[in-house]
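Descriptive structure summary
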Amino acid sequence: MSTSIVINRTSPELKSTYDKDGSCRLPYRFDDDTVELLRQRVADISGQRRPEVVHEKDSDVVRAIHGCHEFDDVCAALVRHPQLVEMAETLIGGPVYVYQFKVNLKQAEEGAAWPWHQDFAFWSEEDAMPRPDAVNFAIPLDEVHEDNGPLVVIPGSHTMGLFDLPDKSEDSTSDWRQHVSNDLAYTVNDDRAEALIEEKGKSVILGRAGSLHAFHPSIVHSSSNNRSADRRALLLITYNAVDNAPANPTRPAFLVGRDTTPVTGHHDERLVLAQVADDIRATA
């Protein structure tokens, strides 16, 4: 038997959930016209030959695009959306700037998995980000279901520090290309991930195109191969606390934002974000 409870959560309730679980669904959704506009921009950028566009290994299939807010006006407007900025400031606790912007594209039947990992491992080890005082906002541009490679997170794992960091005594940095491919430089051991799941469970992030989900940079997460005939494009904006900016980042600017000026909200009529009620389902 399944039941459904519809609620509207306040900012303090959202922050409480985020602090406890390391992720939360946000009660907003971009409308269909906004999603279609973002899809069009992603398609245009994906067809360009530029370093921000990353392909699957030994393939012309686009895996991800990075830093789009620096050269596309719609993406630039998106990161300044007043509700996004306000929510980021609420969850982090102060002024924010854009640390990363990317779109992970899992093409139908071709998109490869992302192994278990923690984003803060890259930001700490490669960029010397002082603390995990950042937040990821995930916006699917396609409907996300069980078979097209959804994001899977382990609730509460963000409170346990970083796992399985490699010994960097000999090689102090890794190739940035290992930060955008499925051969990641920093991963969480599969056995450890399974033990964490046994202890804490796991949450599969599904949802309609345009929905919003926040997750912590230290949460252990992964995603599977796209086994379906449906693409799964996931747009990700990372806001970082202004006082948490790395002092001397060396990775490309499309991976590590250099402009640490606090983002101020600005409404763009092309980007419509409506408040929606949470639909929480439980089975018994």
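Structure report, in brief. Model, not experiment: these values are computed from the prediction.

On to the pattern of salt bridges, then. By the definition in use, this model includes 17 salt bridges. A salt bridge links R192 to D164; its shortest N-O distance comes to 2.9 Å. Of this pair, R192 sits in helix α6 (residues 190-200) while D164 sits in the loop between β8 (151-153) and α6; the two residues are 28 residues apart in sequence, bridging distant segments of the chain. Members of the salt-bridge network, linked through shared partners, are R41, D72, D73, D268 and R270.

To continue, consider the side chain of N148. With respect to the helices and strands, N148 occurs in the loop between β7 (134-140) and β8. Here the side chain of N148 touches E143 through a polar contact of 3.0 Å, landing on its backbone oxygen. If sequence neighbours within four positions are ignored, N148 has contacts with K106, E143, N226, S228, D230, R231 and R232.

Counting across every chain of the model gives 2 cavities of 30 Å³ or more. Taken as a whole, the largest cavity spans an internal volume of roughly 320 Å³. Lining the largest cavity are 24 residues, with K102, N104, W114, H117 and D119 sitting closest to its centre. Mapped onto the lining of the largest cavity, the elements with two or more residues apiece are β4 (62-66), β5 (96-106), β6 (114-117), α5 (119-127), β11 (221-223) and β12 (232-241). Among the elements that take part in the lining of the largest cavity, β12 stands out by supplying 4 residues, more than any other. Of the residues in the lining of the largest cavity, the class split is 11 nonpolar, 9 polar and 4 charged. Considering only enclosed or pocket space, the second largest cavity measures out at about 110 Å³ in volume. What lines the second largest cavity is a set of 14 residues, and nearest its centre among them are A138, P140, V144, I205 and L234. At the level of secondary structure, the elements contributing two or more residues to the lining of the second largest cavity comprise β7, β10 (211-215) and β12. Of all the elements, β10 adds the most residues to the lining of the second largest cavity, at 3 residues. Classifying every residue of the lining of the second largest cavity gives 9 nonpolar, 3 polar and 2 charged.

Rules used in this analysis
Residues numbered from 1 in each chain as written. Predicted model: local features only at pLDDT ≥ 70, side-chain atom pairs only at ≥ 80, totals over all residues. Heavy atoms only, no water. Salt bridge = Lys/Arg side-chain N within 4 Å of Asp/Glu carboxyl O. Helix = DSSP H or I, 4+ residues; strand = E, 2+ residues; numbered from the N terminus. Polar contact = N/O pair within 3.5 Å; in protein donor to acceptor, adjacent residues only side chain to side chain. Contact = heavy atoms within 4.5 Å. 1 Å grid on protein atoms, 1.4 Å probe; cavity = no way out; pocket = protein on both sides within 12 Å on 5 of 7 lines; lining within 4 Å. Points joined across faces, edges and corners; volume = space filled by probe spheres on them. Nonpolar A, V, L, I, M, F, W, Y, C, P; charged D, E, K, R; others polar.

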